[in-house]
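# Examining the three-dimensional arrangement
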Amino acid sequence: MKLTPLGPVGLLCLFLIGCSPGWKEFHALDANRDQRVTEDEFFTRVTGDSFKKLDANADGKITRQEWRTKESSTSLFSVSDRNGDGVVTLAEFSAGKSKRRQVSNIFHTVDRNHDGSLEWNEVHSR
Ligand SMILES: [Ca+2]
Ligand SMILES: [Ca+2]
Ligand SMILES: [Ca+2]
């Protein structure tokens, strides 16, 4: 059985398609506890979470084998492994421009008043 990691798509579901996140999820995103989630906090959390899910043995590196057990395609693995040493680190994982854009798109959809941060009422009300 394949586990689908709660990546950007999962969060997209969480925020936009009815499965409204609870206070706990919002709080988890709000790293500095100022009741606002900035794009950086959002990005760090989203990429961190998907990284952790792929890094099965939690050694801070994703091997091709770990990647393959969670993702159907390894083509993204090769793209992510920038220095070609056969493992993807968190830095490499976060570096992809397309990932940043993808997360950014979700963020800006949720940020209804476009002030660059998510507040509880923006996330909570639909
Ligand atoms: Ca690992
Ligand atoms: Ca690498
Ligand atoms: Ca906002």
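What counts, and at which threshold
Residues numbered from 1 in each chain as written. Chains lettered and ligands numbered in written order. Predicted model: local features only at pLDDT ≥ 70, side-chain atom pairs only at ≥ 80, totals over all residues. Core = buried A, V, L, I, M, F, W, Y, C linked by C-beta atoms within 7 Å. Buried ≥ 20, exposed ≤ 12 C-beta atoms within 10 Å, placed from the backbone. Helix = DSSP H or I, 4+ residues; strand = E, 2+ residues; numbered from the N terminus. Contact = placed C-beta atoms within 7 Å. Axes fitted to C-alpha atoms, helices over the stretch in contact; angles between N-to-C directions. Parallel < 35°, antiparallel > 145°, perpendicular 65-115°, else oblique. Left-handed = near helix turned anticlockwise from the far one by under 90°. Expected span 1.5 Å × (residues − 1). Arc of directions from axis to C-beta. pLDDT = per-residue confidence, 0-100.

Moving on, we come to the nonpolar core. In this structure, L29, V37, F42, V46, V103, I106, F107, L118 and V123 together form the largest nonpolar core, which totals nine residues. Mapped onto this core, the elements with two or more residues apiece are helix 3 (39–54) and helix 7 (97–110). Examining the composition of this core, we find that three residues originate from one element, helix 7, more than from any other. Not counting residues within four places of it along the chain, the set of residues in contact with F107 comprises E39 and F42.

Here we come to the packing of helix 3 against helix 7. What describes two packed helices is the angle between their axes and the distance between those same axes. Between helix 3 and helix 7, whose axes approach to 10 Å, the crossing angle comes to 120°. By the angle class used here, helix 3 and helix 7 are oblique. Crossing geometry of helix 3 relative to helix 7 is assigned as right-handed. On helix 7, the residues that touch E39, F42, F43, V46 and T47 of helix 3 are K99, R100, V103, S104 and F107.

A few words now on helix 3. When the terminal C-alpha atoms of helix 3 are compared, their 22 Å separation across 16 residues agrees well with the 22 Å that a helix rising 1.5 Å per residue should span. For helix 3, the full list of buried residues reads F42, V46, T47, S50, F51 and L54. Down the axis of helix 3, the sector holding all buried residues measures 150°, keeping them to one side.

Turning our eyes to something else, we now look at the confidence of the model for the protein chain. Residue-level pLDDT values for the protein chain average 83, and 82% of them are 70 or greater. The least confident element of the protein chain is helix 1 (residues 8–16), whose mean pLDDT is 52; the most confident is strand 2 (residues 61–63), at 97. In the model, residues 1–5 has pLDDT below 50 throughout and makes six contacts with residues more than four positions away in sequence or in other chains.

Right, let's get into unusual backbone geometry. In this structure, R33 takes a positive phi of about 55° despite not being glycine. Within the fold, R33 resides in the loop between helix 2 (23–29) and strand 1 (36–38). Assessed through the 7 C-beta atoms surrounding it within 10 Å, R33 is described here as exposed. A positive phi is found at H114, a non-glycine position, where the angle reads about 50°. Among the structural elements, H114 can be located in the loop between helix 7 and strand 4 (117–119). Look at H114 and you get exposed, because 7 C-beta atoms sit within 10 Å.

Within the secondary structure, G86 sits in the loop between helix 5 (75–80) and strand 3 (87–89). The class of G86 is exposed, set by 10 C-beta atoms lying within 10 Å. A C-alpha to C-alpha distance of 6.9 Å links G86 and R64, two positions 22 residues apart in sequence. Not counting residues within four places of it along the chain, the set of residues in contact with G86 comprises T63, R64 and D81.

Okay, helix 7 next. Look at helix 7: 20 Å from first C-alpha to last across 14 residues, which is about the 20 Å you get at 1.5 Å a residue. Among the residues of helix 7, V103, I106 and F107 are the ones counted as buried. End-on, the buried residues of helix 7 take up no more than an arc of 100°, which puts them together on one face. In helix 7, the exposed positions angled more than 90 degrees off the buried face are occupied by K97, S98, R101, N105, H108 and T109.

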